[in-house]
Amino acid sequence: MIEYIVPSNIDDRVLNRAARILEDGGLLALPTDTSWSIVCSIKSRTAIKKLRNLSGERDERHFTLLCSNISQFVEVCKLDNTRFRLINRLTPGPYVFILETLSGTEKFLDIRRQELGVRIPDYPVPIKLIETLRHPLYSITAKRSMVKNDEDETENSEEAETELPPIPEDQLFESGWELDEIEGLDLILDSGEERERIFSTILNMCSDEIKVLRQGAGKWPI
């Protein structure tokens, strides 16, 4: 199901319907400041399992918590003043920050790592939806390999890898209607505009030295 929207002025009825779908364990596709993302509610174990099955990824660094503000970071991750100031400079924007998790976060999100990717997109659609839902979204980049019987399959990343490979441009979507081929989506929020086929920069901030796990649209070093 595709719902066409105006990103700068999304109808509250659409946002409320999208929020109900997520609360009921559904999956939703939406545009961000990079490419398209598929999201679910962090409060639904069923939805998180659906998202993992759809993605086919084993390395949890492919998954990101989309937030509307930095205060949501500290509810699940450790964040000192130095990291806060740097993140504050780079957000909102095309960056994912890998941070150490707080006690209980791994169980809450059913993850194996004591670290989590978080970000604040510079685009109104995910921000408005998060504000309506009143909690962050668990997300992954939408890729053509998620389409059933797609011949161009991507390899899963091994957990021991230190870097994440760039996402091939031909794996990313431009238009919302293209995502209608992905099975399991309950709703697509489509602005009717083509999105750039770009991906975010991933910065691992779990140690004193910040490491680039994947260079994307966000400049680094700054």
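Everything below is about the structure printed above this text.
First, a word on scope: everything that follows refers to the structure included in this document. (Residues numbered from 1 in each chain as written. Predicted model: local features only at pLDDT ≥ 70, side-chain atom pairs only at ≥ 80, totals over all residues. Heavy atoms only, no water.)

### Some details on the pairing of strand 6 (residues 115-119)
So, step 1. Counting buried residues in strand 6 gives five out of five residues, a clear majority hidden from the surface.
So, step 2. The alternating pattern of strand 6 places Glu115, Gly117 and Arg119 and Leu116 and Val118 on opposite faces, both of which are buried. (Buried < 20%, exposed > 50% of the residue type's maximum accessible area, 1.4 Å probe, protein only. Helix = DSSP H or I, 4+ residues; strand = E, 2+ residues; numbered from the N terminus.)

### Considerations on the side chain of Glu106
So, step 1. Within the secondary structure, Glu106 is located in helix 4 (residues 105-109).
So, step 2. One buried charged residue, Glu106, remains without a salt bridge, the closest side chain of opposite sign being Lys78 at 8.6 Å.
So, step 3. Among all residues touching Glu106, those that are not within four sequence positions of it are Thr101, Ile111, Arg113 and Gln114. (Lys, Arg positive; Asp, Glu negative; His and termini not counted. Salt bridge = Lys/Arg side-chain N within 4 Å of Asp/Glu carboxyl O. Contact = heavy atoms within 4.5 Å.)

### Points about the packing of helix 1 (residues 12-23) against helix 5 (residues 124-133)
So, step 1. Following both chains from N to C, one finds helix 1 and helix 5 inclined at 65°, their axes separated by 9 Å at the closest point. By the angle between their axes, helix 1 is roughly perpendicular relative to helix 5. Classified by chirality, the crossing of helix 5 by helix 1 is right-handed. Packed against helix 1, whose contacting residues are Leu15, Asn16, Ala18, Ala19, Leu22 and Glu23, the element helix 5 presents Lys128, Leu129, Thr132 and Leu133 at the interface. (Axes fitted to C-alpha atoms, helices over the stretch in contact; angles between N-to-C directions. Parallel < 35°, antiparallel > 145°, perpendicular 65-115°, else oblique. Left-handed = near helix turned anticlockwise from the far one by under 90°.)

### Here's the deal with the nonpolar core
So, step 1. Of all hydrophobic cores here, the largest spans 42 residues; its most connected members are Ile38, Phe73, Phe97 and Tyr138.
So, step 2. Elements with a contribution of two residues or more to this core: strand 3 (36-41), helix 2 (45-55), helix 3 (81-90), strand 5 (95-100), strand 6 and strand 7 (137-141).
So, step 3. The element best represented in this core is helix 2, accounting for four residues.
So, step 4. When neighbours within four sequence positions are excluded, Phe73 is seen to be in contact with Cys67, Leu79, Ile87, Phe97, Leu99, Val118, Arg119 and Ile120.
So, step 5. The next biggest cluster of nonpolar side chains, apart from the first, holds 20 residues, and it includes Ala18, Val39, Tyr123 and Val125. (Core = buried A, V, L, I, M, F, W, Y, C linked by side-chain atoms within 4.5 Å.)

### Regarding the packing of aromatic side chains
So, step 1. Across all of its chains, the model carries two aromatic pairs by this definition.
So, step 2. For the pair Phe63 and Tyr138, a centre-to-centre distance of 5.6 Å together with 15° between the ring planes defines the contact as stacked. Here Phe63 is found in the loop between helix 2 and strand 4 (64-66), whereas its partner Tyr138 is found in strand 7, with 75 residues between them in sequence. Take Phe63 and Tyr138: they sit in the same class, and that class is buried.
So, step 3. Judged by centre distance (6.2 Å) and plane angle (15°), the rings of Tyr95 and Phe97 are stacked. Grouping residues by exposure puts Tyr95 and Phe97 together as buried. (Phe/Tyr/Trp six-rings, centres within 6.5 Å; stacked < 30°, edge-to-face > 60°.)

### Some points on the pairing of strand 9 (residues 201-204)
Here is the key point about a regular strand: its side chains alternate between the two faces of the sheet.
So, step 1. Side chains Thr201 and Leu203 of strand 9 all project onto a buried face; the interleaved residues Ile202 and Asn204 project onto the opposite face, where all are buried too.
So, step 2. Alignment of strand 5 against strand 9, held across four bridges, turns out to be parallel. Looking across to strand 9, one finds that Val96 is bridged to Ile202.
So, step 3. Bridge count between strand 9 and strand 10 (residues 211-214): three bridges; the pairing is antiparallel. The partner of Ile202 across the bridge, within strand 10, is Arg214.
So, step 4. Between the antiparallel neighbours strand 9 and strand 10 lie six residues. (Pairing = 2+ DSSP bridges.)

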